Amino acid sequence: MSGHSTYQPQNAFMKWMEARLPIAGLVHSSFIAYPTPRNLNYWWTFGGILSFMLAAQIITGIVLVMHYTPHETMAFNSVEHIMRDVNFGWLLRYLHSNGASMFFIAVYIHMFRGMYYGSYKAPREVLWILGVIIYLLMMATGFLGYTLPWGQMSFWGATVITNFFSAIPVVGETVVTWLWGGYSVGNPTLQRFFSLHYLLPFVIAGVVVLHVWALHVVGQNNPAGIEPKGDRDTVPFTPYATVKDAFGMVCFMLFFAYFVFYLPNYLGHADNYIPANPAVTPAHIVPEWYYLPFYAILRAIPNKLLGVIALFASIGILVFLPWLDSSKVRSARYRPLFRQFFWIFVAVCLGLGYLGAKPAEGGYVIASQILTFYYFAHFLIILPLLSRFEKTRPLPNSISESVLKAPAKH
Amino acid sequence: MASTAASAAPTRRDFLYVATGSVAAVGAAFTAWPLIYQMNPDASTIAAGAPVEVDLTPVAEGQVIKVFWRGKPIYVNHRTPKEIKEAEDVNLASLPDPQPDSARVKKGHANFQVLIGICTHLGCIPIAHAGPYNGYFCPCHGSVYDTSGRIRSGPAPSNLALPPYEFLTDTRIRIG
């Protein structure tokens, strides 16, 4: 692999094709010759892992639909039918349900990596915002999918989440009735959720294309957080990034498979194996683990409308991250104070996740309120102040210098 | 589009562009409306939401029954004289959503408290005869209601809603 060649069609057919639809050239320039920074670490393999998870969810999902019935009287039994009667049905369903969790684990690592290395900063703001949109779509898709087995947690999760919209002044009730297609969560709700759950992954795939497009326009960030200056700073995507991504993917699949085969219900709730009952709410209702930090924020605020606003704001604020953190230095490697605050922020998110799973009473509520305040303070107070007053460490002259010289301690 | 220096002032053609675009926009809105409106409750759902009649004769004093109307649980609480007195004697100023007990029952039927058993916070079903006031307690996010269904503490913004209902006789009601 010397230098970065451009695509040269070898045979007559490919030459004919290239003159009409240059798709082979596009693939070549995007995934073969594409220059990637030579210092990428394994945190950069999660983009590939996420693409794999999206494909895996779409494939297992399409197959599950061949056996699933979206009707309030049959949905629960059809899921049990998949588990007991359908050939390999248990495997397909466990892959799909655990796959959702794996998708979120990967996306959280991917997002925190972006925050640590400042991947949202100019010129990657649009790339970052597209990522936030994908994350929002993932949350919606995960919620809609969790409703489909029509167990107790499905039913009551759907009730609680759709009731967020009843907090809207004046038109709240009208909006909720419209969402439900009835006066409570029922069969019309299930059927439309099924339709949308099938639709959204393809919308995600579309936005992923934009995300990758934007990535290939501005180039990848890297652990040093400085732009590549020439061939010495980059390596071709294939074989270097391809093989590294593949290795990361295989390791991630081992982790995924461990859950599928040994702990398939660990990340779910036993209550969802009870058929939906509109007369009884489960005693302890919690969302799936990946929503817990936001659930804690919702419950921290003792006012319905403000709680719902805080929940949406906690995600929406990510859109503004590129402008809240205006430090010119991207990577936390060269931002000693930011690095500490980053890890505190990670701990706060995990803490909120823990509190979201606890009952809303006593000390848990107070702790949620403190952490919710800190969550917003991180974005609105700490980052703007750090960008102004932090004394950053000197940046290396180039990526190759940062790799070849004695690596900076961190 | 055709904005060269010579045609800076609005021309007949500009008018035609705007008029054509406006007609297209109105047409698109009219076309979108059925696609949006189809999500509202359909005729069968509305028909199934017709009023229901409930015979209260078998409901003993101190007992709470749950009936369904429009997929919503309706609690009918046959309150004891002690519970009625407690509900009536509350200092209204201390309530987050002040409402006298008399406004939450039908005149002359204070013994029967009829309300929609859906927490006004996020739609869970509160447990009857539970919580500090022995009224209703929502297990989801900890809202506490008294025997009149009034919010006393927790995140719920308002009192439990009352369904439209009337007494046909002293022991028979029609909800809806």
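Residues numbered from 1 in each chain as written. Chains lettered and ligands numbered in written order. Predicted model: local features only at pLDDT ≥ 70, side-chain atom pairs only at ≥ 80, totals over all residues.

**Q** What's the story with the overall build of chain B in this structure? I'm lost.
**A** The helix and strand inventory of chain B stands at three helices and 10 strands. Counted from the first residue to the last, chain B has its helices and strands arranged as α-α-β-β-β-α-β-β-β-β-β-β-β. Rg of the C-alpha trace for chain B: 26 Å, well past the compact-globule value of 16 Å for 176 residues, more than 25% over. Each principal axis of the C-alpha atoms in chain B carries an extent, and together these give about 90 × 40 × 30 Å. Taken across its 176 residues, chain B has 30% of its residues classed as buried. A fraction of 48% describes how many contacts in chain B between residues 6 or more apart in sequence connect residues 24 or more apart. (Helix = DSSP H or I, 4+ residues; strand = E, 2+ residues; numbered from the N terminus. Rg over C-alpha atoms; globule rule 2.2 N^0.38 Å. Buried ≥ 20, exposed ≤ 12 C-beta atoms within 10 Å, placed from the backbone. Contact = placed C-beta atoms within 7 Å.)

**Q** Where do I start with the overall build of chain A in this structure?
**A** In terms of regular secondary structure, chain A is built from 16 helices and two strands. Since a compact globule built from 410 residues should have a radius of gyration of about 22 Å, the 23 Å found for chain A is in line with a globular shape. Expressed as lengths along the three principal axes of its C-alpha atoms, the size of chain A is roughly 70 × 60 × 40 Å. Sorting the 410 residues of chain A into buried and exposed places 40% on the buried side. Within chain A, contacts between residues separated by at least 24 positions form 77% of all contacts whose residues are at least 6 apart in sequence.

**Q** How should I be thinking about the domain arrangement of chain A in this particular structure?
**A** Many authors give the size of an interface as the accessible area that is lost as the parts come together. All names here are of chain A. With domains assigned, chain A is organised as domain 1 (31-265 + 274-284) and domain 2 (286-393). Between the C-alpha centres of domain 1 and domain 2 the distance comes to 22 Å. Facing the 24 residues of domain 1 at the interface are 22 residues of domain 2. At the level of secondary structure, the elements contributing two or more residues to the side of domain 1 that touches domain 2 comprise α5 (89-116) and α6 (125-147). It is α6 that contributes the most residues to the side of domain 1 that touches domain 2, seven residues altogether. Its residues assigned to classes, the side of domain 1 that touches domain 2 comprises 15 nonpolar, seven polar and two charged. (Domains from an automatic or database assignment. Nonpolar A, V, L, I, M, F, W, Y, C, P; charged D, E, K, R; others polar.)

**Q** What am I meant to see in the interface of chain B and chain A here?
**A** Taken together, the contacts link 22 residues of chain B with 26 residues of chain A. Residues belonging to the side of chain B that touches chain A are distributed by class as follows: 10 nonpolar, eight polar and four charged.

**Q** I would appreciate a short explanation of the packing of α6 of chain A against helix α7 (residues 152-162) of chain A in the present structure.
**A** Helix-helix packing: each pair is described by the crossing angle between the helix axes and the interaxial distance. Residues and elements named next belong to chain A. Running from N to C, α6 and α7 cross one another at 135 degrees; their axes reach a closest spacing of 8 Å. Classified by the angle their axes make, α6 and α7 are oblique. Across the interface between the two elements, F143, Y146 and T147 of α6 pack against S154, G157, A158 and I161 of α7. When grouped by side-chain class, the residues that make up the contact of α6 with α7 number four nonpolar, three polar and no charged. (Axes fitted to C-alpha atoms, helices over the stretch in contact; angles between N-to-C directions. Parallel < 35°, antiparallel > 145°, perpendicular 65-115°, else oblique.)

**Q** What is the right way to read the sheet that holds strand β3 (residues 72-78) of chain B from this model?
**A** Strand pairing within a sheet occurs via backbone hydrogen bonds; the two strands may be parallel or antiparallel. Residues and elements named next belong to chain B. With antiparallel pairing, the three strands of this open sheet are ordered in space as β2-β3-β4. Looking at strand neighbours, the two that pair on one side only are β2 (64-69) and β4 (112-116), the edges of this open sheet. Each neighbouring strand pair of the sheet contributes to a mean axis angle of 20 degrees, computed without reference to strand direction. In the sheet, β3 pairs with β4 via five bridges, with the strands oriented antiparallel. If you follow N77 over to β4, its bridge partner there is Q113. (Pairing = 2+ DSSP bridges.)

**Q** What exactly am I supposed to notice about the pairing of strand β5 (residues 127-130) of chain B here?
**A** Strand residues, when the strand is regular, have side chains that alternate between the two faces of the sheet. Residue and element names in this part refer to chain B. Where β5 and strand β6 (residues 135-137) come together, three bridges link them in antiparallel fashion. Within β6, the position partnered with A128 by the bridge is Y136. Two successive antiparallel strands, β5 and β6, enclose a turn made up of four residues, where G131 displays a positive phi of approximately 90 degrees.

**Q** I tried to follow the sheet that holds strand β9 (residues 165-169) of chain B on my own but got confused; where do I start?
**A** All names here are of chain B. Taken together, three strands build an open sheet; the order of strands is β1-β10-β9 and the sheet is antiparallel. The sheet terminates laterally at β1 (52-55) and β9, the two strands that pair on one side only. Across the sheet, the axes of successive neighbouring strands diverge by a mean angle of 25 degrees, strand direction being ignored. As paired elements, β1 and strand β10 (residues 172-175) share four bridges and run antiparallel to each other. Directly across from D55, in β10, lies its bridge partner R172.

**Q** Sorry, what's going on with the pairing of β10 of chain B here?
**A** All names here are of chain B. Residues I173 and I175 line the buried face of β10, whereas the alternating positions R172 and R174 sit on a face that is not buried. In terms of strand pairing, β9 meets β10 through four bridges, oriented antiparallel. Note on β10: the bridge partner recorded for Y165 is I175. Connecting the antiparallel pair β9 and β10 is a turn made up of two residues.

**Q** Whenever I open this one, the domain arrangement of chain B confuses me. Can you help?
**A** Domain parsing of chain B yields domain 1 (5-37) and domain 2 (46-175). Of note, the centres of domain 1 of chain B and domain 2 of chain B, computed from C-alpha atoms alone, are 53 Å apart.

**Q** Sorry if this is basic, but what is going on with the nonpolar core here?
**A** The tendency in soluble globular proteins is for nonpolar side chains to be buried side by side. With 95 residues, the main nonpolar core has M53, F103, A106 and I297 of chain A together with C124 of chain B as its most contacted residues. Excluding its chain neighbours within four sequence positions, the residues that come into contact with F103 of chain A are M53, Q57 and M138 of chain A. Core analysis: the next-biggest nonpolar cluster, separate from the first, contains five residues, M115, Y116, Y117 and F338 of chain A among them. (Core = buried A, V, L, I, M, F, W, Y, C linked by C-beta atoms within 7 Å.)

**Q** What is the right way to read the packing of α5 of chain A against helix α10 (residues 237-262) of chain A from this model?
**A** Residues and elements named next belong to chain A. Between α5 and α10, whose axes approach to 10 Å, the crossing angle comes to 135 degrees. Looking at the two axes, α5 sits oblique to α10. At the point where α5 passes α10, the crossing takes the right-handed sense. Two secondary-structure elements touch here, α5 through Y94, L95, N98, M102 and A106 and α10 through F252, F256, F259 and V260. Residue composition of the contact of α5 with α10, grouped by class: eight nonpolar, one polar and no charged. (Left-handed = near helix turned anticlockwise from the far one by under 90°.)

**Q** What's the story with unusual backbone geometry in this structure? I'm lost.
**A** Backbone phi values are negative for most residues with the exception of glycine, while trans is the configuration of most peptide bonds. Here the bond from A122 of chain A into P123 of chain A is cis, since omega is 5 degrees, no more than 30 degrees from zero. A cis amide bond links T238 of chain A to the next residue, P239 of chain A, at an omega of 10 degrees. Tracing the backbone shows P239 of chain A in helix α10. Unlike most non-glycine residues, F88 of chain A shows phi in positive territory, near 60 degrees. Looking at where F88 of chain A falls in the secondary structure, it is placed in the loop between α4 (75-84) and α5. On the neighbour-count criterion, F88 of chain A (10 C-beta atoms within 10 Å) is exposed. The residue N134 of chain B is not glycine, and still its phi comes out positive at about 55 degrees. One can find N134 of chain B in the loop between β5 and β6.

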